[in-house]
Amino acid sequence: MEDIKKYKTVVISDVHLGSSGSKAEDATTFLKQISCEKLILNGDIIDGWQLKKYGTWRKKHTGFLRVVLRMMEKDNTKVIYIRGNHDDFLDQVMPLVVGKNFQIRRDYVLKSGNKKFFVTHGDVFDSITSHMKWLAYLGDIGYTFLLWINKFYNQYRSFRGLPYFSLSQSIKQKVKMAVNFISDFEEKLAELAKARHCDGIICGHIHKPDIKTFDGITYMNSGDWVESLSALVEDHNHEWSLVYFYTVPKKEIPLTHEKLTLEDWPKAV
């Protein structure tokens, strides 16, 4: 039996349960290999947009939620579900607190050592999503098609004995408009953290895992479970790192880390 990796806090986002692109089984396997005091589900966990159109809820999607419930019961894990744009149906029940270990919120302030992080999905500064929702839905259709192509491309790679490769992620990184949008997104979120008198921001939304600083403000993005298969983790020394879950044919390589210690990050002025 594999050793369970123990963390203080784990942040995952953008699992998109109900969509064809969701790597729900990988996300479930990841959760089974870790334990944590606090699990933050930072938006777009359930893809309401896809389920309204042509998405399908499958057994593996239910399996992910069952593991989350098991963590709450077995490990006494506190679960905080942050509403994203694809699970905006949660607006009807927010804020919701169930017992001591589960709550649904729009945002959250997380204490980590002597630091404070503002936790939000990130769509608050996505003007296309906020003010031109029809265009956001149209973009979602194109993105879904790209993921469909990506699926067959990786079936071919698996046949050749090659590891998973995110074709869609690679394309986004090379398109100038997408690169500029991501850069603006990161800077705006860092400004939000400063406005909330926090030392950093924790978000998701754009499917690009990262840890960086902007004028003394720490920006951390947990990535996604469609392309990157990534999460943010905090150990008991309050060190944060990005964790990647990789799959290769007939073998799983569960965790690789990129670490950055909070002591190396300057505090907000």
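Quick caveat, the model's predicted, so the values are computed rather than measured. (Residues numbered from 1 in each chain as written. Predicted model: local features only at pLDDT ≥ 70, side-chain atom pairs only at ≥ 80, totals over all residues. Heavy atoms only, no water.)

A.B. asks: Go over a negative patch on the surface with me, naming the residues and quoting the values.
C.D. replies: A contiguous patch of negative charge on the surface is contributed by D184, E187, E191 and D215. Among the secondary structure elements, E187 is positioned in helix α7 (residues 176-195). (Patch = residues over 30% accessible without salt bridge, like charges linked within 9 Å, V, L, I, M, F, W, Y side chains within 5 Å. Areas by Shrake-Rupley, 256 points an atom, 1.4 Å probe, with all protein chains shown as cover. Salt bridge = Lys/Arg side-chain N within 4 Å of Asp/Glu carboxyl O. Lys, Arg positive; Asp, Glu negative; His and termini not counted. Charge placed at Lys NZ, Arg CZ, Asp CG, Glu CD. Helix = DSSP H or I, 4+ residues; strand = E, 2+ residues; numbered from the N terminus.)

A.B. asks: Can you lay out a positive patch on the surface for me, pointing to particular residues and giving the numbers?
C.D. replies: Residues K32, K59, R66, R70 and K74 make up a contiguous surface patch of positive charge. For the positive patch, the leading source of residues is helix α3 (residues 59-74), giving four residues. Mapping K59 onto the fold places it in helix α3.

A.B. asks: So what's going on with the pairing of strand β9 (residues 210-214)? Residues and values would help.
C.D. replies: With five bridges joining them, β9 and strand β10 (residues 217-221) adopt antiparallel strand pairing. Following the sheet pairing, T213 is matched in β10 by T218. Here β9 folds back onto β10 in antiparallel fashion, the turn holding two residues, of which D215 has a positive phi close to 50°. (Pairing = 2+ DSSP bridges.)

A.B. asks: Before we move on, can you summarise unusual backbone geometry with the specific residues and values?
C.D. replies: Between M94 and P95 the backbone carries a cis peptide bond, its omega angle lying at -15°. Topologically, P95 is positioned in the loop between β3 (78-82) and β4 (96-98). Positive phi, normally seen in glycine, also occurs at D14, with a value near 55°. What makes D14 buried here is its relative accessible area of 0%. With a phi close to 55°, D44 is a non-glycine residue in the positive phi region. Its location among the elements puts D44 in the loop between β2 (34-42) and α2 (48-53). Classification of D44 by relative accessible area gives buried; the value is 1%. (Buried < 20%, exposed > 50% of the residue type's maximum accessible area, 1.4 Å probe, protein only.)

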